[in-house]
Every structure is written in structure tokens, then in C-alpha cells.
Amino acid sequence: MRDRPQGCGCLGHLITILISRVEAKFKLSQNQPQGDIEGVATGLEARGRADDAAVAAAVRAHNPHAARVGRRGH
């Protein structure tokens, strides 16, 4: 017979949790300097893993430093 670890307190009960909603944010380096944002995108593209190119495009699309077509006075 194996000894139970000290302080385990295991009672053998199972808890079920129903998830009704998930909230998430995309963090795409928007609060970083322009050079850092481009470095993130370039690094993702160079890594070459699945979906990295799509994430790099999203980082660039959400870049607050990039000139936006149709914006006036900026």
C-alpha cells in the first residue's frame, strides 16, 4: 500500500464547472514604438510557423503609427 502525501487533503470529489462565456482581448503590440511593432511582425514572418503570417498581418493592421487611408489631418 502506498502512503498518501502529507497534507494532500484529497477527498476524491469531482467538481464540474459550466463555462457560459469567454471574453478575450487581442494584444497586438499597439502600445509599443513603431520599430518594436515592425520587429514583432518581421519576427513572426521569419519564424514561419502555422498562422504566423496572419498574426503578423494583424499586428500591422492594428498599428496605430501607420498612416491610414482616408484619415484627414493626421
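Because the structure is a prediction, the values reported are computed rather than measured.

Along helix H2 (residues 52-61), the residues classified as buried are Asp52, Ala56 and Val59. Projected down its long axis, H2 shows its buried positions confined to an angular sector of 60 degrees, all on one face. Pointing more than 90 degrees away from the buried face of H2 are the exposed residues Ala53 and Ala54. Elements that come into contact with the buried residues of H2 comprise helix H1 (34-47).

Bringing the packing of H1 against H2 into the picture now. Interhelical geometry of H1 versus H2 gives an angle of 165 degrees and a closest axis separation of 8 Å. In this view, H1 runs roughly antiparallel relative to H2, as classed from their interaxial angle. You can see that H1 and H2 cross each other, and the crossing is left-handed. Residues Ile37, Glu38, Val40, Ala41, Thr42, Leu44, Glu45 and Arg47 of H1 lie in contact with H2, whose contacting residues are Asp52, Val55, Ala56, Val59 and Arg60. The residue makeup of the contact of H1 with H2, split by class, is seven nonpolar, one polar and five charged.

A separate point is the environment of Glu45. Mapped onto the secondary structure, Glu45 falls in helix H1. For Glu45, a relative accessible area of 42% translates into the label partly exposed. Here the alpha-carbon distance between Glu45 and Ala57, two residues twelve residues apart in the chain, equals 9.1 Å. With residues up to four places along the chain from it excluded, the contact list for Glu45 reads Ala56 and Arg60.

Before going further, it helps to examine the nonpolar core. By size, the foremost hydrophobic cluster in this structure holds six residues: Leu28, Ile37, Ala41, Leu44, Ala56 and Val59. Of all elements in the fold, only H1 and H2 reach the threshold of two or more residues within this core. At three residues, the largest contribution of residues to this core is made by H1. Ala56 has contacts with Ala41, Leu44 and Glu45, leaving out every residue within four places of it along the chain.

With that settled, the discussion passes to the pattern of salt bridges. Applying the stated criterion to the full structure yields four salt bridges. Here Arg21 makes a salt bridge to Glu23, at a shortest N to O gap of 3.2 Å. The burial state of Arg21 is the same as that of Glu23; both residues are exposed. Ionic pairing is found between Glu45 and Arg60, a salt bridge with its closest N-O pair at 2.6 Å. Taken together, the positions of Glu45 in helix H1 and Arg60 in helix H2 put the pair 15 residues apart, joining distant regions of the chain. The class for Arg60 is partly exposed, based on a relative accessible area of 27%. Linked through salt bridges whose partners overlap, the residues forming this network are Glu38, Glu45 and Arg60.

Basis of the calculations
Residues numbered from 1 in each chain as written. Predicted model: local features only at pLDDT ≥ 70, side-chain atom pairs only at ≥ 80, totals over all residues. Heavy atoms only, no water. Buried < 20%, exposed > 50% of the residue type's maximum accessible area, 1.4 Å probe, protein only. Helix = DSSP H or I, 4+ residues; strand = E, 2+ residues; numbered from the N terminus. Arc of directions from axis to C-beta. Contact = heavy atoms within 4.5 Å. Axes fitted to C-alpha atoms, helices over the stretch in contact; angles between N-to-C directions. Parallel < 35°, antiparallel > 145°, perpendicular 65-115°, else oblique. Left-handed = near helix turned anticlockwise from the far one by under 90°. Nonpolar A, V, L, I, M, F, W, Y, C, P; charged D, E, K, R; others polar. Core = buried A, V, L, I, M, F, W, Y, C linked by side-chain atoms within 4.5 Å. Salt bridge = Lys/Arg side-chain N within 4 Å of Asp/Glu carboxyl O.

Shape is all these values report; function is a separate question.
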